[in-house]
Amino acid sequence: MLPYPLSLYLWLILVAATTALLIPLLRHLVGWGAATCGVVFFLPTWESLWLGQINAMIAVALTLALISLSQRKDGVIGLTLALGTLLKVTPALSILVLVIHQRWRSVGVAAITALGVIALSLPVVALDVWYRGSLYALTNTWTSPLLLSWTAILRSQAGMISSVGPAVLSMLMLAVTAKRSMDTRLHLSLAATYLLPLLISGIIWHYSAILALPALGVLWRHSHRGRMIALIAWASISLIGGFFQPIMLTLCWWVCCWPGLLEPPTALALTQK
């Protein structure tokens, strides 16, 4: 309904604003210095901004959920994760973890928010559009050497590995995440679900790593060893990229699922539930 140049400018302003908003939000987890450096000097931040991608908005929603968790605002957790899911389906994994942890108020708010937004949009957005749009990235099977998830890498191999490998790996990592979330604190379980889509989604580029910033913030806050792992992962993704991205994000996902590898948590981390 708007001229294309105007709609483009408005969208880029929105992307820039949400990217900048990540800094004051992440400072709740890591402080101003680390938040500023973590966003400003992270190459995927600038790639995502330059390409006008939606990932910064999703990262804002994921960070707000973590902040709300530390403030014991269960309703806000459900609200932010539901809005993130409506923008990009992958935050739905975090809602699954809320079910496992029996955070029913958060789950209820998430369900009401999602259904409410969809219902209000029906005059202009058909249900079929919601359905096809949500499944597009999950069902896409095209390959590119620039795709950086394990499933995309397996899909580029020869033989049965390309056809069976992605589905098997995805189901295995989903099952492990769900099983381990029963025995870990919720903020680490959420961090694991923030990282998991970057490892098993079919379409993951270098700039998608901006979605990992909230999870890296959780590790930074958790313990000294977690801080070191988060820093190495951040630097490897930003300075080297390529195959190092899924490797380092897998390490971060692993320690979120097995937090015993992270040393005892700091006093600040113990304030998170």
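Let me sum up the structure you'll find in this document. (Residues numbered from 1 in each chain as written. Predicted model: local features only at pLDDT ≥ 70, side-chain atom pairs only at ≥ 80, totals over all residues. Heavy atoms only, no water.)

On to the overall build of the chain. Counting secondary structure elements, the chain contains 14 helices and zero strands. Each helix and strand of the chain, placed in order from N terminus to C terminus, yields the pattern α-α-α-α-α-α-α-α-α-α-α-α-α-α. Computed over the C-alpha atoms, the radius of gyration of the chain is 18 Å, within 12% of the 19 Å expected from 2.2 N^0.38 for a compact globule of 273 residues. With the C-alpha coordinates of the chain rotated into their principal frame, the extents come out at 55 × 45 × 35 Å. Restricting to contacts in the chain with at least 6 residues of sequence separation, those with at least 24 account for 73%. Carbon and sulfur atoms make up 74% of the accessible area of the chain, which amounts to about 13,300 Å² in all. Across the chain, the centroid of the 15 positively charged side chains sits 7 Å from that of the 5 negatively charged ones. (Helix = DSSP H or I, 4+ residues; strand = E, 2+ residues; numbered from the N terminus. Rg over C-alpha atoms; globule rule 2.2 N^0.38 Å. Contact = heavy atoms within 4.5 Å. Areas by Shrake-Rupley, 256 points an atom, 1.4 Å probe, with all protein chains shown as cover. Lys, Arg positive; Asp, Glu negative; His and termini not counted. Charge placed at Lys NZ, Arg CZ, Asp CG, Glu CD.)

Take the state of the cysteines next. The full count for this structure, using the stated rule, is zero disulfides. Free cysteine: C37, not disulfide-bonded; nearest cysteine sulfur from C252 at 18 Å. Residue class for C37 comes out partly exposed when judged on its relative accessible area of 39%. No disulfide involves C257; its sulfur sits 6.8 Å from the nearest other cysteine sulfur, which is in C256. (Disulfide = S-S within 2.5 Å. Buried < 20%, exposed > 50% of the residue type's maximum accessible area, 1.4 Å probe, protein only.)

Time to look at the environment of L79. Along the chain, L79 falls in helix α5 (residues 74–87). As for L79 and A110, which are separated by 31 residues in sequence, their C-alpha atoms are 5.2 Å apart. Those residues in contact with L79 that lie beyond four places of it in its chain are V109 and T113.

With that settled, consider the packing of aromatic side chains. Evaluated as defined, the whole model comprises four aromatic pairs. Between the aromatic rings of W150 and F243, the centroid separation amounts to 5.4 Å while the plane-to-plane angle is 85 degrees, which identifies the pairing as edge-to-face. Separated by 93 residues along the polypeptide, W150 in helix α9 (residues 150–155) and F243 in the loop between α13 (224–239) and α14 (244–257) bring together distant segments of the chain. On the numbers, 6.2 Å between centres and 70 degrees between planes, the contact of W253 with W254 is edge-to-face. A relative accessible area of 4% means that W253 is categorised as buried. For W254, a relative accessible area of 42% gives the class partly exposed. Taken together, the aromatic side chains of W253, W254 and W258 make up a single cluster linked through ring pairs. (Phe/Tyr/Trp six-rings, centres within 6.5 Å; stacked < 30°, edge-to-face > 60°.)

In the contact formed by helix α1 (residues 4–30) and helix α12 (residues 213–222), the axes pass within 8 Å of each other and the chain directions differ by 25 degrees. Considered as vectors, α1 and α12 are oriented roughly parallel to each other. Facing α1, whose interface residues are L26, H28, L29 and V30, α12 presents L213, P214, G217, V218, W220 and R221. Taken together, the residues of the contact of α1 with α12 break down into seven nonpolar, two polar and one charged. (Axes fitted to C-alpha atoms, helices over the stretch in contact; angles between N-to-C directions. Parallel < 35°, antiparallel > 145°, perpendicular 65-115°, else oblique. Nonpolar A, V, L, I, M, F, W, Y, C, P; charged D, E, K, R; others polar.)

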